[in-house]
Amino acid sequence: LGSIGDAVITADTDCRVTFLNPVAEKLTGWSSAEAIGQSINDVLHLIEEKRREKTQNPIVRVFAKGTAVGLCSHPILARRDGNELPIEDSAAPIKNPAGVIIGVVMVFHDVTERRQRENALREEYAITERLHVISTSVSRELDLAKVVQLITDAGTRVTRAQIGAFFYNVQDTKSGSYMPYALSGVPREPFEKFPMPRPTERFGPTFRGEGLPRLDEGRKETRCGNNAPCHGMPAGHTARVS
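Definitions and cut-offs
Residues numbered from 1 in each chain as written. Predicted model: local features only at pLDDT ≥ 70, side-chain atom pairs only at ≥ 80, totals over all residues. Heavy atoms only, no water. Helix = DSSP H or I, 4+ residues; strand = E, 2+ residues; numbered from the N terminus. Contact = heavy atoms within 4.5 Å. Areas by Shrake-Rupley, 256 points an atom, 1.4 Å probe, with all protein chains shown as cover. Pairing = 2+ DSSP bridges. Axes fitted to C-alpha atoms, helices over the stretch in contact; angles between N-to-C directions. Core = buried A, V, L, I, M, F, W, Y, C linked by side-chain atoms within 4.5 Å. Buried < 20%, exposed > 50% of the residue type's maximum accessible area, 1.4 Å probe, protein only. Salt bridge = Lys/Arg side-chain N within 4 Å of Asp/Glu carboxyl O.

1. Some details on the overall build of the protein chain
The helix and strand inventory of the protein chain stands at seven helices and eleven strands. Counting contacts in the protein chain only where the partners sit at least 6 residues apart, residues at least 24 apart contribute 41% of the total. Here the protein chain has roughly 15300 Å² of accessible surface; of this, 53% comes from carbon and sulfur atoms.

2. Considerations on the sheet that holds strand E5 (residues 75-78)
The antiparallel open sheet is built from seven strands, whose spatial order is E2-E1-E7-E6-E5-E3-E4. Each edge of the open sheet is held by one strand with a lone partner, namely strand E2 (17-20) and strand E4 (53-54). Across two bridges, strand E3 (residues 45-48) lies against E4 in antiparallel orientation. The partner of glutamate 48 across the bridge, within E4, is glutamate 53. Relative to strand E7 (residues 101-110), helix H4 (residues 58-65) is tilted by about 145°, and along the sheet it contacts strand E1 (7-12), E3, strand E6 (84-95) and E7.

3. What about unusual backbone geometry?
We note that cysteine 15 has phi near 60°; this positive angle belongs to a residue other than glycine. By secondary structure assignment, the location of cysteine 15 is in the loop between E1 and E2.

4. Quick notes on the environment of alanine 24
Along the polypeptide, alanine 24 turns up in helix H1 (residues 22-28). Taking the C-alpha atoms as reference, alanine 24 lies 8.2 Å from phenylalanine 108; in sequence the two are 84 residues apart. Not counting residues within four places of it along the chain, the set of residues in contact with alanine 24 comprises Ala7, Val8, Ile9, Gly29 and Phe108.

5. A few points about the nonpolar core
The biggest cluster of nonpolar side chains holds 25 residues, and the ones touching the most others in it are Ile9, Leu77 and Phe108. Put simply, the parts of the chain that give this core at least two residues each are E1, E2, H1, helix H3 (40-43), H4, E6 and E7. The residues contacting leucine 77, other than those within four sequence positions of it, are Leu27, Thr28, Leu44, His45, Leu46, Asn83, Glu84, Leu85, Ile87 and Phe108.

6. Brief notes about the pattern of salt bridges
Per the stated rule, a full pass over the model turns up nine salt bridges. Arginine 80 is the salt-bridge partner of glutamate 34, the closest N and O atoms lying 2.7 Å from each other. With glutamate 34 in helix H2 (residues 32-35) and arginine 80 in the loop between E5 and E6, this residue pair connects regions lying 46 residues apart in the sequence. On the accessibility criterion, arginine 80 (44% relative accessible area) is partly exposed. The shortest N-O distance in the salt bridge between glutamate 118 and arginine 114 comes to 3.4 Å. Of the two residues, glutamate 118 and arginine 114 both sit in helix H5 (residues 112-140), four residues apart, roughly one turn of that helix. With relative accessibility at 29%, the residue glutamate 118 sits in the partly exposed group.

Put into C-alpha cells, the structure is as follows:
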C-alpha cells in the first residue's frame, strides 16, 4: 500500500484513520503521525463540485451499506492548506476471516491534469462550433452591420467577456468616412455620447497596425484616460478591468 501510485487511506470501525500512504499524505496535506487516530471526516474534506456542498465520505458510506462504493458525483478534496483538487475515489470494506467488517480502505487519485485536458477539448470544440455558426451566418447575410454584430456577439462569447465592442471604418459617398460600431453584452444608449476610438496612446498601436495591445489590469493601466475630452473614465462609463 505504501508504494502504489494512488493515495490510500484506511479507517477502523469508529471511522478513525489507521493508515495513510505517502501519496495520501501529499494529496491531503496530513502526515501519518498527525492523521492516524483522527476522524476520517477531519482528514478528508470532500466537496460536491457543482453545488459546492460537503459530501459524505465514501468510507462512511461503506460502513453504512456494508459494500464497496464510489462517489457518483465529482468530488473535490479540500486539502489541509485550503487548496482544492479534483479526485476520483473508491472505497471497500476490510473483513476478518469471519466476514465481519473491521475497517474500510479508500483509494483515490488526483485528476487535475485529466480535467484540464477535458476542459481544453470542450473549449476547443465550443470555439470550433461557434466559428462554424459565424461562418454559416456570415455567408448568408449581406447586411454589413448585421455581419459585424454577429462577429461581435460570437467574439464576446468565445472570450467569455462581459462586454464586446467592434469599431470599423466605412466609406460613404454622401457622408465620407465614418466609424460605426457594434456592441455585445450592453445596450448602445449609454455609449452613444462617448467619443469614438482614435489614435491615442492606448489605441494608437491598433490604428497603426503595430500589433495587438492588451490590458491585463485596466484600473492600473497608465495608457488610458490621458486624452481630451474626458481625461480619465467618463462619468457613467462601464469600468474596464481587463
